[in-house]
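As a plain string of letters, each chain reads:
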Amino acid sequence: MIDFLNKTNSYSFQRDEAVKEPHFLDFRLCKINNLQVKKLSILGVLLQPQRIGTKISLFYLKLFLIMTVFGKISLFEFEFLNNISFCLFFLKSMALSTQVKFNGTIMKVIIFADRDGQELRPLTLKTCVGLLPIAGKPLLEHILDSLVSQKIEEIWLVIAEFADQVKQTLQNGDRWGIKIHYVLGRGQELPADILRRLGDSLQDTEYLMLRGDVLRDIRLREFLNKTTNLAEPIIAAQLNEQDGQLLLIRRPQADWLAAANLLAWNAPEIAPPHVTVEIEGNFARLDSLLSYHQANLDVMQQKFPRMVIPCLQLPNHPKLYVGRCSQAPAPHSVGLVANHCHLHPSVVLENSVIHPYVVIESNTLLRNTIVLSDTYLGKNLTLENLIVWGDTIVDIHTGAITHEANAQLRDLSQHCLHESVEGLLHRGLAVVLVILSLPLWFIAPLVALRENPQHPIKKVILADNQSVKSKFGQFYPSEFESWEWATSIPLLRYLPRLFAVIWGKLRLIGISPELTSVSVIMTNSHTHPPIGLISPAQLSVTTSAEERYLVEIWYAKRRTFLRDMGWLCHAGWACFTKRAWVAEQDQT
């Protein structure tokens, strides 16, 4: 068993959609035979009795000891049972479970997560504020984790934007042992209006209300204990001299409709009378992209110590955290890699956070950068002080927002399969064309020697479909060396570029790979079309460079996969026309 634990530092695990983020199983112990999983399940119940109740936990403790006596389980079979910290943690958990059991009545919670998130655009164009990830986990899941240790059975969750995403992520609350009731709001609606609509469904005399689109790190039990000695009907929490967006309201002593408006995102200027209780903790309002960026880094740096992140600290690397089913970056990295990420071992993190389902290629450096889910980063990139989500890049210092849809930066949720299949198709067709053009490879050098005996083949510098990042934060195509025959016959001259298509540097159809042409087209079209062996301008009857640029700009703005296939058929037919075989200066 100990040998197995030592071998699990590779973090290669299978994805399990049915069970998301198990709460009481150590991530390193997921791939064990059935008998051992049963043992670990019993052990997990002992580790967190506050989740299931003291009586059930004591029952499993007795069962665990009986199995030990009869030799079914060895106390020394588990590596972490050999230190005294386990015993202390177990006693602490039992004490907490008992404390919760005898302290007041079961409380119900109302969470307001209906913020429209205008200040966090463009991130909130894809999801709501409550589902934005913080250190590898959605914000609302962090909030629910802080509530499960309390005696809470029901939660009313007010949502507006992306309601379907919220329901799909949280479902009915079984993962936390609670019941979630969803309330559809109109977007930053006054809490009093929402409570008025709920009406008779809220009959309890005491409610805990909080905003679900801000980040707080508190001991909720501390706040509830302080409220037991106060008779006031409206009690608000304060963290570090900031409004903690957390209320306890007692009915019918208070006008709870008016009191709930204290949690409005744009709080009213005239607040109803209430008492403020100062509690320990940290708070982030998440009211700007800079605040969201810093909150991720702060949680990763353990400045929110009560928050649970779904990652393990690597042995001998105290500043590097890696989630399950993820590859670790370079050993000297500082940062957090969430679940189901593929990172090349040469990737270096410097104070950066990688969220789930991210792919990063070799020799990439991330410094003070947050990479959100379903993002692909190519090779040899250096990203600094950015938020990256798919093909969207946000500079947190200047606020500049750019969209870079190219081979180095992709949104995996939309473009991964399409781009991969299209690239393979072009490369496969290039191999077929090389085979079909074998006779031309004997003709081309003879024609080049006749026209230019001293230099029948020449080297050219072209742009390719790989991108690099400039010092100004913009992506531009990288360059590569290619060869072409020194002949004026177009079909023979460009034959060597077929190998660039096979290597993936060019596509069969795209804008012209000459550096000047690429620069002009990308500047005027504001898009990143593929760079190809054959361009639409070559297939069109044009008489000037300006007209060719206009044709390619039109192509860059309107290109689709089907249109590319149409241009490819046009190019195949053009190979049998006079324009492909007659010297350019002789064309009429």
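In the block above lies the structure referred to throughout.
Residues numbered from 1 in each chain as written. Predicted model: local features only at pLDDT ≥ 70, side-chain atom pairs only at ≥ 80, totals over all residues. Heavy atoms only, no water.

Focus: the overall build of the protein
- When you go through the protein residue by residue, the secondary structure sums to 18 helices and 29 strands.
- Expressed as a percentage of its 588 residues, the buried residues of the protein come to 50%. (Helix = DSSP H or I, 4+ residues; strand = E, 2+ residues; numbered from the N terminus. Buried < 20%, exposed > 50% of the residue type's maximum accessible area, 1.4 Å probe, protein only.)

With respect to the pattern of salt bridges
- Counted according to the given criterion, the structure contains 22 salt bridges.
- Between Asp-411 and Lys-126 there is a salt bridge, and its shortest N-O distance comes to 3.6 Å. In this pair, Asp-411 sits in strand β25 (residues 409-411) while Lys-126 sits in the loop between β1 (107-113) and β2 (133-134), placing the two residues 285 residues apart along the sequence.
- What makes Asp-411 buried here is its relative accessible area of 3%.
- The partly exposed category is assigned to Lys-126, whose relative accessible area is 27%.
- Across the pair Asp-287 and Arg-285 runs a salt bridge whose closest N-O atoms are separated by 3.8 Å. (Salt bridge = Lys/Arg side-chain N within 4 Å of Asp/Glu carboxyl O.)

Notes on the pairing of strand β9 (residues 242-250)
- Among the 9 residues that make up β9, 7 are buried, leaving the element largely enclosed by the rest of the structure.
- Of the strand pairs in this sheet, strand β6 (residues 206-211) and β9 are connected by 5 bridges, and their pairing is antiparallel. When the bridges of β9 are listed, Tyr-207 appears paired with Ile-249.
- Between strand β8 (residues 234-239) and β9, which follow one another and run antiparallel, lie 2 residues, and Asn-240 among them has a positive phi close to 50 degrees. (Pairing = 2+ DSSP bridges.)

Quick word on the nonpolar core
- Counting residues in each nonpolar core, the largest one holds 67 residues, and the members touching the most others are Ile-111, Leu-215 and Phe-223.
- Here this core gets 6 residues from one element, more than from any other, and that element is helix α10 (residues 289-300).
- Residue contacts for Ile-111: discarding those within four places in its chain leaves Leu-140, Ile-143, Leu-144, Leu-147, Ile-155, Trp-156, Leu-157, Val-158, Leu-210, Arg-211 and Gly-212.
- Counting residues in hydrophobic clusters, the runner-up holds 30 residues, among them Leu-492, Leu-495, Leu-508 and Val-518. (Core = buried A, V, L, I, M, F, W, Y, C linked by side-chain atoms within 4.5 Å. Contact = heavy atoms within 4.5 Å.)

Looking at helix α7 (residues 191-198)
- Those residues of α7 lying buried are Pro-191, Ala-192, Ile-194, Leu-195 and Leu-198. Along the long axis of α7, the arc covered by the buried residues comes to 160 degrees, so they all point the same way.
- Contacts from the buried residues of α7 go to β1, β4 (152-159), β5 (179-184), β6 and α9 (256-260).
- Directly after α7, the chain includes Gly-199, whose backbone phi takes a positive value near 55 degrees. (Arc of directions from axis to C-beta.)

Description of the pairing of strand β23 (residues 392-395)
- Pairing between strand β22 (residues 386-389) and β23: 4 bridges, direction antiparallel. Within β23, the residue paired with Leu-386 across the bridge is Asp-395.
- Linking two consecutive strands that pair antiparallel, namely β22 and β23, is a turn of 2 residues; a positive phi of about 65 degrees is found at Gly-390 within it.
- As judged from the 3 bridges shared by β23 and strand β24 (residues 401-403), these two strands associate in the antiparallel manner. Bridged to Thr-392 within β24 is His-403.
- Here β23 folds back onto β24, and the loop between the two strands holds 5 residues, one of which, Gly-399, carries a positive phi near 80 degrees.

Some details on the sheet that holds β1
- Here 7 strands make up an open sheet; going across it, the order is β5-β4-β1-β6-β9-β8-β10 and the pairing mixed. Each having just a single partner strand, β5 and β10 (275-279) make up the two edges of the open sheet. For this sheet, the mean inter-axis angle between neighbouring strands, taken without regard to orientation, is 25 degrees.
- As defined by bridge partners, β8 adjoins β10 across 5 bridges and the pair is classed as parallel. Directly across from Gln-238, in β10, lies its bridge partner Glu-278.
- Lying over the sheet, α7 contacts β1, β4, β5 and β6, oriented at roughly 130 degrees with respect to β1. (Axes fitted to C-alpha atoms, helices over the stretch in contact; angles between N-to-C directions.)

Structural notes on the packing of aromatic side chains
- Counted according to the given criterion, the structure contains 3 aromatic pairs.
- Between Trp-156 and Tyr-207, the ring centres sit 6.3 Å apart and the planes meet at 70 degrees, which makes this aromatic pair edge-to-face. In this pair, Trp-156 is assigned in strand β4 and Tyr-207 in strand β6, connecting sequence segments 51 residues apart. Comparing Trp-156 with Tyr-207, the two get one shared label, buried.
- Considering the side-chain rings of Trp-441 and Phe-499, the 5.6 Å spacing of their centres and the 65 degrees angle between planes classify their relative orientation as edge-to-face. (Phe/Tyr/Trp six-rings, centres within 6.5 Å; stacked < 30°, edge-to-face > 60°.)

Quick word on the sheet that holds strand β17 (residues 358-360)
- Taking strand neighbours across the sheet as the criterion, the 4 strands line up as β15-β17-β20-β25 in an open arrangement whose pairing is mixed. Unpaired on one side and paired on the other, β15 (342-343) and β25 mark the two borders of the sheet.
- Pairing of strand β20 (residues 375-377) with β25 involves 3 bridges; the strand directions are antiparallel. Bridge pairing links Thr-375 to Asp-411 in β25.

Focus: a nonpolar patch on the surface
- Taken together, Val-431, Ile-435 and Leu-438 make up a surface patch of nonpolar side chains, about 260 Å² in accessible area.
- Tracing the sequence through the fold places Leu-438 in helix α12 (residues 438-451). (Patch = residues over 30% accessible without salt bridge, like charges linked within 9 Å, V, L, I, M, F, W, Y side chains within 5 Å. Areas by Shrake-Rupley, 256 points an atom, 1.4 Å probe, with all protein chains shown as cover.)

A look at the environment of Gln-408
- Along the chain, Gln-408 turns up in the loop between β24 and β25.
- For Gln-408, a relative accessible area of 2% gives the class buried.

Purely spatial values, then, with no claim about function.
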